[in-house]
Amino acid sequence: MKVLITCPPMLGQLAEFLPIFEEAGIEVVAPKVVQILSEEELLELVPTVDGWIIGDDQATERIFRAGKAGKLKAAVKWGIGVDNVDFKACKELGIPITNTPMMFGAEVATIAVSYVLGLARQTYYIDREVRAGNWVKPAGMSLAGHTVALVGFGDIGKATARFLKAFDMHINVYDPFAKKTEEDEAAYRFLTFPEELETADFVVTTCALTPATKHLINAETIQRMKDGVRIVNVSRGPIIDEAALIEGLKSGKVHSAGLDVFETEPLPMDSDLRKFDRCIFGTHNGSNTIQGVRRASHQAIKSMFEYLEVGVTA
């Protein structure tokens, strides 16, 4: 049997997991992946394997149909987000599939917090200026007493709220599906988006990408925000309408943004976002810690082996 892996973080630590596959008698197909493989590349590879551990690839109905016509028996979406995978097609085709939830709450939350800190104190901007031979001293923002509008209160959102609360920040949570405890209700304010959005000094998005959240941060909601607001996105790129964000940055309505994700990844070289020095950019890498990748990869392998009825423990 063969298993295709297209998840860059898992591929980065593949040497650690290969003995598990070898013990099970499974050959690993490990193409070079920077972010995703194209649909044409996947159409060529997926039908030749028994299992597919999916990264951020666009796992479409067309690809799953091609896989079903070939050898594909099962799939696992590595990580939390599933917006890039057609689960409905898998169900219709009888291809068992799952993801690896509740794996990276703290990991992605620490990236969110690092962006908040970086934007507040402009540390990344200062670093770039020093490297360029300049000696700048911009005035930063103290975190205590300032307000965060936190969009999304799942595993990542809860960890983000907990970390930011430690800086004595006020947290307004927006999530109609939030599972909140009495302690949560005592610590945070739960509002309906965009209620009181104009009070936030930071807007931090940690929500899933759905039809309801696509372009949730848009020209209208940005205009409603406080002048000089700082925006952080560690969820999915299309949560933010980048054209509207660029206009907000140009006008100064938005002071700066910390973006681990983008509408198009990798970020195009001609993107106007690159013009704003105070912004911080990532590579959709918030979950990529050695420990987090190990955790999620073992879960992905375990689920895959169960689907393929392999009697080896991941």
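Just above sits the structure.
Residues numbered from 1 in each chain as written. Predicted model: local features only at pLDDT ≥ 70, side-chain atom pairs only at ≥ 80, totals over all residues. Heavy atoms only, no water.

(A) Geometry of the overall build of the protein. Per the secondary structure count, the protein includes 12 helices and 12 strands. Taken over the C-alpha trace, the protein has a radius of gyration of 21 Å; the compact-globule value for 314 residues is 20 Å, and the two agree within 12%. When each of the 314 residues of the protein is scored for burial, the buried share is 52%. Within the protein, residue pairs in contact and separated by at least 24 positions form 63% of the contacts whose partners lie at least 6 positions apart. (Helix = DSSP H or I, 4+ residues; strand = E, 2+ residues; numbered from the N terminus. Rg over C-alpha atoms; globule rule 2.2 N^0.38 Å. Buried < 20%, exposed > 50% of the residue type's maximum accessible area, 1.4 Å probe, protein only. Contact = heavy atoms within 4.5 Å.)

(B) Structural detail: the environment of P266. In this structure, P266 sits in the loop between β11 (254-259) and β12 (280-281). As a C-alpha pair, P266 and F21 span 245 residues in sequence and 30 Å in three-dimensional space.

(C) The state of the cysteines, seen in detail. In the structure shown here, the tally under the stated rule is zero disulfides. Of all cysteine sulfurs in the structure, the one in C90 sits closest to C7, which takes part in no disulfide; the separation is 17 Å. The thiol sulfur of C279 is not disulfide-bonded, and the nearest other cysteine sulfur, from C207, lies at 19 Å. (Disulfide = S-S within 2.5 Å.)

(D) Summary view of the sheet that holds strand β3 (residues 51-54). Spatially, β2-β1-β3-β4-β5 is the arrangement adopted by the five strands of the open sheet, whose pairing is parallel. Of all the strands in the sheet, the pair left with one neighbour each is β2 (27-29) and β5 (97-99). Pairwise comparison of adjacent strand axes, ignoring direction, gives a mean angle of 20° for this sheet. Sitting on the sheet, helix α12 (residues 290-307) touches β1 (2-5), β3, β4 (74-77) and β5, and the angle it makes with β4 is about 165°. (Pairing = 2+ DSSP bridges. Axes fitted to C-alpha atoms, helices over the stretch in contact; angles between N-to-C directions.)

(E) Spatial organisation of the packing of helix α6 (residues 105-121) against helix α8 (residues 155-165). Contact geometry for α6 and α8: axes closest at 8 Å, N-to-C directions at 50°. The angle between the axes of α6 and α8 places the two elements in the oblique class. Crossing of α6 over α8 shows right-handed handedness. The segment α6 lies against α8, with G105, A106, V108, A109, T110, A112, V113 and V116 engaging D155, I156, A159, T160, F163 and L164. Among the residues forming the contact of α6 with α8, the class breakdown is 10 nonpolar, three polar and one charged. (Parallel < 35°, antiparallel > 145°, perpendicular 65-115°, else oblique. Left-handed = near helix turned anticlockwise from the far one by under 90°. Nonpolar A, V, L, I, M, F, W, Y, C, P; charged D, E, K, R; others polar.)

(F) Expanded view of the layout of surface pockets. In this structure, the second largest pocket encloses a volume near 260 Å³. Residue lining of the second largest pocket: 15 residues in total, with D56, Q58, D83, R236 and E265 positioned closest to the centre. Of the residues in the lining of the second largest pocket, the class split is four nonpolar, six polar and five charged. (1 Å grid on protein atoms, 1.4 Å probe; cavity = no way out; pocket = protein on both sides within 12 Å on 5 of 7 lines; lining within 4 Å. Points joined across faces, edges and corners; volume = space filled by probe spheres on them.)

(G) Representation of the pattern of salt bridges. The tally for this structure, following the rule as stated, stands at 16 salt bridges. Between R62 and E40 there is a salt bridge, with the nearest N and O atoms lying 3.4 Å from each other. Here E40 lies in helix α3 (residues 39-45) and R62 lies in helix α4 (residues 61-69), a separation of 22 residues in the sequence. Residue R295 pairs with E107 through a salt bridge whose shortest N-O separation is 2.8 Å. (Salt bridge = Lys/Arg side-chain N within 4 Å of Asp/Glu carboxyl O.)

(H) Just the pairing of strand β6 (residues 147-151), in detail. Counting buried positions along β6 yields five of five residues, so the element is predominantly enclosed. With burial as the criterion, each face of β6 is covered, one bearing T147, A149 and V151 and the other bearing V148 and L150. The sheet contact formed by β6 and strand β7 (residues 170-174) spans five bridges and is parallel. From the neighbouring strand, V148 faces β7, where its bridge partner is I171.

(I) Region of the structure containing α8. The complete set of buried residues in α8 reads I156, G157, A159, T160, A161 and L164. Where the residues of α8 are buried, they touch α6, β6, β7 and β9 (202-205).

(J) Representation of the packing of aromatic side chains within the structure. Scanning the model with the defined rule gives seven aromatic pairs in all. Aromatic side chains F21 and F305 sit 5.7 Å apart centroid to centroid with 85° between the ring planes, which places their arrangement in the edge-to-face category. One end of the pair, F21, is in helix α2 (residues 14-23); the other, F305, is in helix α12, with 284 residues separating them in the sequence. The interplanar angle of 50° and the centroid separation of 5.7 Å between the aromatic rings of W52 and F64 together place this pair among those described as tilted. On the criterion of sequence distance, the pair formed by W52 in strand β3 and F64 in helix α4 is long-range, its members being 12 residues apart. Pairwise contacts between aromatic rings join F153, Y188 and F190 into one cluster. (Phe/Tyr/Trp six-rings, centres within 6.5 Å; stacked < 30°, edge-to-face > 60°.)

(K) Quick peek at the nonpolar core. F21, W52, F64 and F202 are the most contacted members of the largest nonpolar core, which totals 71 residues. At seven residues, α6 tops the list of elements feeding residues into this core. In this view, F202 contacts V116, L119, A120, M141, L143, T147, V148, A149, M169, V229 and R230; residues no more than four positions away in its chain are not counted. (Core = buried A, V, L, I, M, F, W, Y, C linked by side-chain atoms within 4.5 Å.)

(L) The arrangement of the side chain of E129 in detail. Here E129 is to be found in helix α7 (residues 123-131). The side chain of E129 is buried and forms no salt bridge, while R128, the nearest opposite charge, is found at 6.5 Å. Sequence-distant contacts of E129, that is, excluding residues within four places in its chain, are made with N134 and V136. (Lys, Arg positive; Asp, Glu negative; His and termini not counted.)

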